[in-house]
Amino acid sequence: MKGVSTPSQEDYLEAIWRLTQKKGYARVSDIAEALHISQASVSKMIRKLKEEGWLEVERYRGLSLTSKGHAKGQLLLARHQTLERFLGHLAITDPAVVHHDVEGIEHHFSTETLKKLSDLVTFIDQNPEWWKKFINRSSLIP
Ligand code: CO
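All of these numbers come straight from a predicted model, not from anything done at the bench. All chains use their own residue numbering, which begins from 1 and follows the written sequence. Two thresholds apply to this predicted model, a pLDDT of at least 70 for residue-level local features and 80 or more for giving and counting side-chain atom pairs, whereas whole-chain, interface and lining totals are computed over all residues. Side-chain figures throughout are based on the complete set of non-hydrogen atoms in the structure, without hydrogens or water.

## A look at the domain arrangement of the protein chain
At step 1: Domain start and stop points were drawn from an automatic or database domain assignment. Split by domain assignment, the protein chain resolves into domain 1 (7-71) and domain 2 (76-137).
At step 2: Placing a centre on the C-alpha atoms of domain 1 and another on those of domain 2 gives a separation of 26 Å.
At step 3: In this description, contact between two residues means that some pair of their heavy atoms is separated by no more than 4.5 Å. Counting from both sides, the interface comprises seven residues of domain 1 and, opposite them, seven residues of domain 2.
At step 4: As used here, buried area is the combined drop in accessible area, with a 1.4 Å probe, of two parts when they are placed together. Approximately 640 Å² of surface area, both sides summed, lies buried where domain 1 meets domain 2, with 49% of it carried by carbon and sulfur atoms.

Structure follows, in structure tokens:
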């Protein structure tokens, strides 16, 4: 599901990190495809991210993240995945809904809150019986 707002700097860094993990590099065309936007918009944002020290542009190899960009990308992906796992525990299974909701809320979580949510998600993973008691209440069964 496509959001109504334009992708933020964080979305770019997350997408670049995902691509780098998967392919070893990120190209403008790959980023445009991942974020459903034009290559011109990507190029514009790339210039800004480069100026701010998040990435390097290598002439033949595409983009690579600086160590600051690398650390940030890792954090952004972890945040996205924690929220996905949380929605999964709430029995929200439609991938389009999960994607839409996570993309919508992820930017608004502070590191502190996310750490606590991450703790909860891990606790749920470790205590499935306890969580089932909650999830099996009729109000939450779809
Ligand atoms: Co995301």
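There's more to say after this.
## Some remarks on the packing of helix 1 (residues 9-23) against helix 4 (residues 67-89)
At step 1: Here the axes come from fitting lines to C-alpha atoms, over the contacting stretch only for helices, and the angles between their N-to-C directions go from 0 to 180 degrees. In this description a helix means any DSSP run of H or I spanning at least four residues, a strand means any run of E spanning at least two, and both kinds are numbered starting from the N terminus. Where helix 1 contacts helix 4, the axes come no closer than 8 Å and their chain directions differ by 95 degrees. Overall, the two elements helix 1 and helix 4 adopt an arrangement that is roughly perpendicular. When helix 1 is examined against helix 4, the residues Glu10, Leu13, Glu14, Trp17 and Arg18 are found in contact with a partner set consisting of His70, Lys72, Gly73, Gln74, Leu76, Leu77, Arg79 and His80.
At step 2: Side-chain classes are defined by residue name, with Ala, Val, Leu, Ile, Met, Phe, Trp, Tyr, Cys and Pro counting as nonpolar, Asp, Glu, Lys and Arg as charged, and the others, Gly among them, as polar. Tallied by class, residues from the contact of helix 1 with helix 4 come to four nonpolar, four polar and five charged. Here the angle decides the label: under 35 degrees means roughly parallel, over 145 means roughly antiparallel, 65 to 115 means roughly perpendicular, and every other value means oblique.

## Thoughts on the environment of aspartate 30
At step 1: By secondary structure assignment, the location of aspartate 30 is in helix 2 (residues 28-35).
At step 2: Along the chain, aspartate 30 and alanine 15 lie 15 residues apart, while their C-alpha atoms are 9.1 Å from each other.
At step 3: For aspartate 30, the residues in contact, after removing those within four places along its chain, are Leu19, Lys23 and Tyr25.

## What about the packing of aromatic side chains?
At step 1: Aromatic rings from Phe, Tyr and Trp, taking only the six-membered ring of Trp, are treated as a pair when their centres fall within 6.5 Å; an angle between ring planes under 30 degrees marks them as stacked, one over 60 as edge-to-face, and anything in between as tilted. One pass over the structure, following the stated rule, counts three aromatic pairs.
At step 2: Ring plane angle 45 degrees and centroid distance 4.8 Å describe the contact between tryptophan 131 and phenylalanine 134, whose orientation is recorded as tilted. Note that tryptophan 131 and phenylalanine 134 are positioned in helix 7 (residues 128-135) at a spacing of three residues, about one turn of the helix.
At step 3: When its relative accessible area of 12% is taken as the criterion, tryptophan 131 is described as buried.
At step 4: Here the aromatic residues Phe123, Trp130, Trp131 and Phe134 are joined through ring pairs into a cluster of three or more. For each residue, the accessible area found with a 1.4 Å probe, counting protein chains only, is set against the maximum for its type, and the residue is called buried under 20%, exposed over 50%, and partly exposed in between.

## Regarding a nonpolar patch on the surface
At step 1: Taken together, the side chains of Leu120, Phe123 and Trp130 present a nonpolar region at the surface, about 280 Å² in accessible area.
At step 2: Note that tryptophan 130 resides in helix 7. Patches draw on residues past 30% relative accessible area with no salt bridge. Two like charges within 9 Å are joined, as are two nonpolar side chains (Val, Leu, Ile, Met, Phe, Trp, Tyr) within 5 Å. Areas reported here follow the Shrake-Rupley algorithm with a probe of radius 1.4 Å; residue values treat only the protein chains shown as occluding. Salt bridge, as used here, is a side-chain nitrogen of Lys or Arg placed within 4 Å of a carboxyl oxygen of Asp or Glu.

## A closer look at the nonpolar core
At step 1: To qualify as a nonpolar core, a set must consist of buried Ala, Val, Leu, Ile, Met, Phe, Trp, Tyr and Cys residues joined through side-chain atoms within 4.5 Å. Among the nonpolar cores identified, the biggest contains 20 residues, and Tyr12, Ile16, Ile31, Ile46, Leu49 and Leu55 are the most heavily contacted of them.
At step 2: The element contributing the most residues to this core is helix 1, with six residues.
At step 3: If near-sequence neighbours (up to four positions away) are discounted, isoleucine 46 is found in contact with Ile16, Ile31, Leu55, Val57 and Leu63.
At step 4: Membership of the second largest hydrophobic core comes to seven residues, among which are Leu83, Leu87, Val98 and Leu117.

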